[in-house]
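So the chains spell out like this:
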Amino acid sequence: MENIQESLKSLVAYGYKTGLIEKEDIIYTLNTLLIDLNLDSCDISENDVITLADSLSEAEIEKGTLLEEILKSIDNYAVANSLIENDSVVYRDLFDTKLMGRMTPRPSDVIKKFNALYKESPEKATDFYYSFSRNTDYIRRYRISKDLKWIAPTEYGDLDITINLSKPEKDPKAIAAAKNAKQSGYPKCQLCRENEGYSGRLDHPARENHRIIPVTIQNNQWGFQYSPYVYYNEHCIVFNSQHIPMKIEHGTFCKLFDFVKQFPHYFVGSNADLPIVGGSILSHDHFQGGHYNFAMAKAPVERNFTIKGFEDIKAGVVKWPMSVIRLSGSNTDRIIALADHILANWRNYTDETAFILAETDGTPHNTITPIARKRGDDYELDLVLRNNITTTEHPLGVYHPHAKLHHIKKENIGLIEVMGLAVLPARLKTEMADLKKAMLNGDDLRADEVLSKHADWVDEFKSGYDHIDADNIDEIINTEIGKVFMHVLEDAGVYKRTTEGQEAFDRFINSL
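Small disclaimer: the values here were computed from a predicted structure and weren't measured.

With an omega dihedral of -15°, the bond running from Tyr186 to Pro187 counts as a cis peptide bond. Note that Pro187 resides in the loop between helix H10 (172-180) and strand E3 (213-217). Despite not being glycine, Glu234 has its phi angle at roughly 55°, a positive value. Its place among the elements puts Glu234 in the loop between strand E4 (220-226) and strand E5 (236-240). Overall, the relative accessible area of 6% leaves Glu234 in the buried class.

This is the structure in structure tokens:
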């Protein structure tokens, strides 16, 4: 009982220190938390909480480690006292999110503060909201910090590499329980506004600590929030308040620039609207953005061109492994008009010699991944040409990571990867650690059931190094993974970085 009292005091002190609750909320918050812990009393005063809050480490709060320890202690108590049904990360998350929800202000209060700060500057508003989303534990900082991240230099610039470890893997008990649980269609998906404050279930994350900022995009109601997995700085999601499918069209370009004009320090982009080359959630219209300068945004235009009737808009091909047309100018209406023209032509464009087929048997293949940003006084729109055709040789997609690269990256190439950030599967953490040991020991990789898939890759790159030892193997593996991701993006490019490929690209440009 004494330990839970200390943990409870620490949790409320954390809420007070981070501004989630005010002094006047302390006793009320303590009492609401007692309900969740099935306790009918506590020996904690308002002054006890304030005194403890004053002593809390700002550094530990910022890293999230303090909150992690507090919640772990309370979860342990809940498990020991049968308040949590099964001791697994899924059940613990459902329980401790409920506790954090007790300290999270109502949506109207958060919106008022955001709007007041927005009047001072959009950046002040997003700074507050991002910090708030971390303090409520909607963004679990202590998990994000476990992600492995590094920079890989390539001929196209420095690519960002991430091995994603922040999404918890479900344990077998939770998976089995979810199958046996009553199925629900509420919320319809994880992007719907109905997630705000939702208690969650075994197959759907709890969101009691989640708050959404309403934004008006092209005279329609949209929502603005951060991704709980923040793959890059201030990784945000902008989503339609209605559960309607994604579609790349004239309105998409208008919406992207509408958002950028409201938040000029953010870029924003959309996944493509077709399977294989689109995102993981095509059923709900949404964009992703943030306060980050990706390698693709830094990449220069390597050759300019002019489209008749749009001489006022700068257009060029970006030096990038995928096929990117960059439009820039001060007038977004004119950029949008040219983007419409390019999209309409690309949708219907076929070049059999370059294996670009607009459709097969009535199934469309051509689409675009668009990204908008403001650069200085001008606006930019990057149009990444995409095609999702499949063949017997490449059943997952011709313009998708080819089988040779699947040992590192097999998943779809969505908006984030397109811009130069690899989101790699968690399995690679263990596999790469084991691979390094095996290489240093001189083991036969092909004899290992798990590592054998990496054997050809190792044979290819190790001849490029004079020696590989314990001092340089980490850097070598990271560099070579970066090269694999570069080749992944080249596979996803509809026009290859060859003389023939770029000549085919120019044929499309000349057709505009």
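Here the focus is the pairing of strand E1 (residues 148-154). Relative to strand E2 (residues 157-163), E1 runs antiparallel, the two sharing seven bridges. Each bridged residue has a counterpart across the sheet, and for Trp150 the counterpart in E2 is Ile161. Turn length for the E1-E2 hairpin, with the two strands adjacent in sequence and antiparallel, is two residues.

This brings us to the sheet that holds strand E7 (residues 286-290). As summarised here, the arrangement of the 10 strands in space is E3-E4-E5-E7-E6-E13-E14-E10-E9-E8, forming an open sheet in which the pairing is antiparallel. With one partner strand each, in any of the chains shown, E3 and strand E8 (301-305) form the two edges of the open sheet. Neighbour-to-neighbour, the strand axes of the sheet open up by a mean angle of 25°, direction not taken into account. As defined by bridge partners, strand E6 (residues 267-269) adjoins strand E13 (residues 366-375) across two bridges and the pair is classed as antiparallel. Bridge assignment links Gly269 to a residue of E13, and that residue is Ile371. With respect to the sheet, helix H13 (residues 332-347) is in contact with strand E10 (324-329), E13 and strand E14 (378-387), its orientation differing from that of E14 by roughly 10°.

What follows is about the nonpolar core. One finds Leu11, Tyr14, Phe224, Leu327 and Tyr495 to be the most contacted residues of the largest nonpolar core, which totals 104 residues. Sequence-distant contacts of Phe224, defined by excluding residues within four places in its chain, comprise Phe114, Thr126, Tyr129, Ile212, Ile213, Val215, Cys236, Ile237, Val238, Phe239, Phe259 and Tyr266. Judged by nonpolar contacts, the second largest core, of 51 residues, contains Ile161, Ala299, Leu421 and Met432.

Now for empty space enclosed by the protein. Evaluation of the coordinates by the stated rule reveals one cavity of 30 Å³ or more. Its boundaries defined by the atoms lining it, the largest cavity holds a volume of some 40 Å³. Counting residues per element, the ones that place at least two in the lining of the largest cavity are strand E9 (314-318) and helix H18 (499-511). Of the residues that constitute the lining of the largest cavity, the class distribution is seven nonpolar, two polar and one charged.

Reading guide: rules and limits
- Residues numbered from 1 in each chain as written.
- Predicted model: local features only at pLDDT ≥ 70, side-chain atom pairs only at ≥ 80, totals over all residues.
- Heavy atoms only, no water.
- Helix = DSSP H or I, 4+ residues; strand = E, 2+ residues; numbered from the N terminus.
- Buried < 20%, exposed > 50% of the residue type's maximum accessible area, 1.4 Å probe, protein only.
- Pairing = 2+ DSSP bridges.
- Axes fitted to C-alpha atoms, helices over the stretch in contact; angles between N-to-C directions.
- Contact = heavy atoms within 4.5 Å.
- Core = buried A, V, L, I, M, F, W, Y, C linked by side-chain atoms within 4.5 Å.
- 1 Å grid on protein atoms, 1.4 Å probe; cavity = no way out; pocket = protein on both sides within 12 Å on 5 of 7 lines; lining within 4 Å.
- Points joined across faces, edges and corners; volume = space filled by probe spheres on them.
- Nonpolar A, V, L, I, M, F, W, Y, C, P; charged D, E, K, R; others polar.

Function cannot be read off these values alone, since they describe shape.
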